[in-house]
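Structural features, examined
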Amino acid sequence: MSGGTADVLLPVAVLAAADEDRPARLAARLGLPLVDRQEAARLVLVYGPTGLELRAPGRRLTPLRVDFERIGAHGGTELLRATRVKNRPARLLDLTAGLATDAWRLARAGFEVIACERQPVIHALVEDALQRPQQQRSAGSFTLVHADARALLGASDCGPIDVIYLDPMFPGDGRTALPKRELQLLRELTGDDDSGTQLLALARAGARRRVVVKRPLRAPALAPGADLCFKGRAVRFDVYLSDAEPLPDQTVPAATGLLG
């Protein structure tokens, strides 16, 4: 077990507990050090009374914990409009699930969701939330996968995907759809990720009906040629239709200026 030093902090660690073995098992699975005091690391995973959470010791940041029960029945209107397809059930692949809030909304709306997250700490936080009994009862069709999105798109056993959803981390100064607290902790884990353009190209080749990209409201598009755009107050959803998915009637295409 590592205790860290006063001069050198571990980047990420798991806090040990005297009365249970879950922290040791989690540390072994993630390949992270197990520490006996949380001040030994900049970020530490802790099993609190309400579940696994990520803490930033010594900083005024609220611990980060995934809690799907806090996602109300309202909200997400533009997300649901952007992903809507006529024939259900439809399979939806979320390539950049993150804390899986959008993936959860989509599963609750009736999609068969596969949520992909490559960062192991973030994946562990979502996995812990899914294992709570009250959330298992309302999960809908929700499968969490720990994998690189590019590898998953190329997997032969992934099966047909109707909708692919993409919410890439935006490398910029404040133009983001995430709350500042979540953004700060997530960026410490992942860094800025500039793979969004590449993922979009792969997604457009793999989706049967459409690809939906979530962007900060004023951010540039990942690629030109979006067919539809749905705007909220802080974010927008750019929709790229496949050749098999006709443009819906009475819908203004993005090319007419909705992206402006």
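These notes cover the structure that comes with them. Along each chain, the written sequence defines residue order, and numbers are assigned to residues from 1. For this predicted model, a pLDDT threshold of at least 70 governs which residues receive local features, and a threshold of 80 or more governs which side-chain atom pairs are given and counted, while totals over whole chains, interfaces and linings are taken from all residues. Here the side-chain values reflect all heavy atoms present in the structure, with hydrogen atoms and water set aside.

1. Observations regarding the overall build of the protein chain
Just so we agree on the cut-off: In DSSP terms, a helix is any run of H or I states spanning at least four residues, a strand is any run of E spanning at least two, and both are numbered starting from the N terminus. Relative accessible area decides the class of each residue, using a 1.4 Å probe on protein chains only: under 20% of the type maximum gives buried, over 50% gives exposed, and in between gives partly exposed. Should any heavy atoms of two residues lie within 4.5 Å, those residues are counted as being in contact. Per-residue and other accessible areas were derived by the Shrake-Rupley procedure at a 1.4 Å probe size, with only the shown protein chains allowed to occlude residues.
Helix and strand counts for the protein chain stand at eight helices and 11 strands. Within the protein chain, the proportion of its 260 residues that are buried is 47%. Considering only contacts within the protein chain whose residues lie at least 6 apart along the sequence, 62% involve residues at least 24 apart. If you sum the accessible surface of the protein chain, you get close to 13,100 Å²; carbon and sulfur atoms cover 50% of it.

2. Here's the deal with the sheet that holds strand β2 (residues 34-35)
The condition is simple: Whether two strands pair depends on DSSP finding at least two bridges between them. Comment: axis = line fitted to C-alpha atoms, over the contacting stretch for helices; angle = value between 0 and 180 degrees taken between N-to-C directions.
Taken in spatial order, the four strands line up as β2-β1-β3-β4 in an open sheet, and their pairing is mixed. Of all strands in the sheet, those with a lone pairing partner are β2 and β4 (51-55), marking the two edges. Contacting β1 (10-15), β2, β3 (41-48) and β4, helix α1 (residues 22-30) crosses the sheet at an angle of about 135° to β3.

3. Considering the sheet that holds strand β5 (residues 91-94)
Read across the open sheet, the seven strands follow the order β7-β6-β5-β8-β9-β11-β10; overall the sheet is mixed. For this open sheet the edge positions go to β7 (141-146) and β10 (228-231), each flanked by a neighbour on one side alone. Averaged over neighbouring strand pairs, the angle between their axes works out to 20° when direction is ignored. Pairing of strand β9 (residues 207-216) with strand β11 (residues 235-241) involves seven bridges; the strand directions are antiparallel. Bridge pairing links R215 to R236 in β11. Against the sheet, helix α4 (residues 120-130) makes contact with β6 (112-117) and β7, and its axis sits at roughly 150° relative to β7, the strand it touches most.

4. So, the pattern of salt bridges
Here is the rule: Throughout this description, the term salt bridge denotes a Lys or Arg side-chain nitrogen within 4 Å of a carboxyl oxygen of Asp or Glu.
Applying the stated criterion to the full structure yields 15 salt bridges. Notably, a salt bridge pairs E53 with R55, separated by 2.6 Å at the nearest N-O pair. What makes E53 buried here is its relative accessible area of 11%. For the salt bridge of K214 with D102, the shortest nitrogen-to-oxygen distance reads 2.9 Å. Of this pair, K214 sits in strand β9 while D102 sits in helix α3 (residues 101-108), and the two are 112 residues apart along the sequence. Given the relative accessible area of 12%, D102 is considered buried. One salt-bridge network, held together by shared partners, links R42, R59 and E188.

5. Examining the nonpolar core
Quick note on the threshold: Working definition of a nonpolar core: buried Ala, Val, Leu, Ile, Met, Phe, Trp, Tyr and Cys residues. They are joined through side-chain atoms within 4.5 Å.
Grouped together as the largest cluster of nonpolar side chains are 56 residues, with contacts concentrated most on L26, L45, L54, F68, F111, V113 and F142. Counting residues per element, this core draws most heavily on α4, at seven residues. If sequence neighbours within four positions are ignored, V113 has contacts with L92, A103, L106, A107, S141, F142 and T143. Grouped together as the second largest cluster of nonpolar side chains are 21 residues, A147, L152, L166 and L222 included.

6. Quick look at the pairing of β9
When you tally the buried positions in β9, you get nine out of 10 residues, the bulk of the element. The sheet contact formed by strand β8 (residues 161-166) and β9 spans five bridges and is parallel. Within the sheet, the bridge partner assigned to Y165 lies in β9 and is V212.

7. Examining the packing of aromatic side chains
Aromatic rings considered in pairs are described by the distance between their centres and by the relative angle of their planes. Stated formally: Pairing of aromatic side chains requires ring centres within 6.5 Å, counting the rings of Phe and Tyr and the six-membered ring of Trp. Pairs whose planes differ by under 30 degrees are stacked, by over 60 edge-to-face, and all others tilted.
Tallying each qualifying case throughout the model produces three aromatic pairs. Taking 4.2 Å as the distance between ring centres and 0° as the angle between the ring planes, the aromatic pair formed by F68 and W104 counts as stacked. Taken together, the residues F68 in the loop between β4 and α2 (77-83) and W104 in helix α3 connect sequence positions 36 residues apart. Exposure remark for F68: the relative accessible area of 2% places this residue in the buried category. Measuring from centroid to centroid gives 6.0 Å for W104 and F142, while their planes differ by 55°, and the two rings are tilted. Remark: F142 occurs in strand β7 and W104 occurs in helix α3; sequence separation between them is 38 residues. Residue W104 shares its accessibility class with F142, and that shared class is buried. Chaining the aromatic ring pairs together yields one cluster made of F68, W104 and F142.

8. Topic: α1
Keep this limit in mind: Directions pointing from the helix axis toward each C-beta atom define the arc.
All of the buried residues in α1 are P23, L26, A27 and L30. Taken end-on, α1 shows its buried residues confined to a sector of 100°, consistent with a single buried face. The elements touched by buried residues of α1 are β1, β2, β3, β4 and α4. Positioned one or two residues after α1, G31 has a phi angle of 70°, which is positive.

Scope: geometric values only; no functional claims are made or implied.
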